[in-house]
Amino acid sequence: MDAKPFWKTKTLSQMTKAEWESLCDGCGRCCLNKLEDWDTGEIAWTNIACRLLDGHSCRCTDYANRQATVPDCIGLTPAQVDTITWLPPTCGYRLVHEGADLYWWHPLVSGDPETVHESGASVRGSTVSELDVDVEEFENYLVDWPGEEL
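Conventions adopted
Residues numbered from 1 in each chain as written. Predicted model: local features only at pLDDT ≥ 70, side-chain atom pairs only at ≥ 80, totals over all residues. Heavy atoms only, no water. Salt bridge = Lys/Arg side-chain N within 4 Å of Asp/Glu carboxyl O. Buried < 20%, exposed > 50% of the residue type's maximum accessible area, 1.4 Å probe, protein only. Helix = DSSP H or I, 4+ residues; strand = E, 2+ residues; numbered from the N terminus. Pairing = 2+ DSSP bridges. 1 Å grid on protein atoms, 1.4 Å probe; cavity = no way out; pocket = protein on both sides within 12 Å on 5 of 7 lines; lining within 4 Å. Points joined across faces, edges and corners; volume = space filled by probe spheres on them. Nonpolar A, V, L, I, M, F, W, Y, C, P; charged D, E, K, R; others polar.

### Looking at the pattern of salt bridges
Pairing between side chains of opposite charge can happen when the charged atoms of each approach one another.
1) Next: Here the structure, examined in full by the defined rule, presents 6 salt bridges.
2) Next: The salt bridge partner of Lys 10 is Glu 19, with a shortest N-O separation of 2.8 Å.
3) Next: On the accessibility criterion, Glu 19 (15% relative accessible area) is buried.
4) Next: One salt bridge connects Glu 114 with Arg 124, and the closest N-O pair in it is separated by 2.9 Å. Linking Glu 114 in the loop between helix 5 (107-110) and helix 6 (115-118) with Arg 124 in the loop between helix 6 and strand 3 (128-129), this pair joins segments that are 10 residues apart in sequence.
5) Next: Residue Arg 124 is classed as partly exposed on the basis of its relative accessible area, which comes to 25%.

### Focus on the pairing of strand 1 (residues 32-36)
1) Next: Judged from the 4 bridges that link them, strand 1 and strand 2 (residues 43-49) form a sheet pairing that is antiparallel. The residue bridging Lys 34 from the neighbouring strand is Trp 45, located in strand 2.

### Observations regarding the layout of surface pockets
One way to see where empty space is left: roll a probe the size of a water molecule over the atoms.
1) Next: In this structure, the largest pocket encloses a volume near 1,000 Å³.
2) Next: Residue assignment for the lining of the largest pocket shows that the elements contributing at least two residues are helix 2 (17-22), strand 1 and helix 4 (92-97).
3) Next: With 4 residues, the top contributor of residues to the lining of the largest pocket is strand 1.
4) Next: Residue composition of the lining of the largest pocket, grouped by class: 24 nonpolar, 5 polar and 9 charged.
5) Next: Size it by volume and the second largest pocket reaches roughly 190 Å³.
6) Next: What lines the second largest pocket is Lys 34, Leu 35, Glu 36, Asp 37, Trp 38, Gly 41, Ile 43, Thr 85 and Trp 86.
7) Next: Element by element, the count of residues in the lining of the second largest pocket is highest for strand 1, at 3 residues.
8) Next: In terms of residue class, the lining of the second largest pocket is made up of 4 nonpolar, 2 polar and 3 charged.

What follows is the structure, given as C-alpha cells:
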C-alpha cells in the first residue's frame, strides 16, 4: 500500500520548512501587485510583477532577502493562509489548508516544475515589472487569471 503524501497527512503548521516551501507551485501569482477596493475589500488582479519576480522562472530573484528589499512583501506563514484573501484559488497552501487536492500540474503531483507553466496556471511571459509602470497607471493593467474573477 502506498503511503499518503505529506500534504495529505499533515497540517500546514506540522510541516517541516522543506515541506512548507515545496507547497509553492511556482506560479508567481502571489508576487503580482493587486488593487484592493477600500470600501468592499474586493481584490483586482494586475499583471504587474514585483521587481524581484523573474518573469520566466516565476520565482523570486532574492527570496532570502526579499522582505528587506521589498518591505511590503508578505512572508507567508501557516497562520496567515486563512486570513490572506488574495491567495489564488489554485495556491497549494490554500488548497491544503482547505483540505482540497493539489492540481495535477503542481510539481509535487506531476514531479515536474514545468507543468505549472505548461498548464497556463503561472504568470510566465505575462507580466510587466513594477519598475516599468507608474503606480497611477496600475488600473490599466487589470487582468483575469485562471480561477479569478474581477
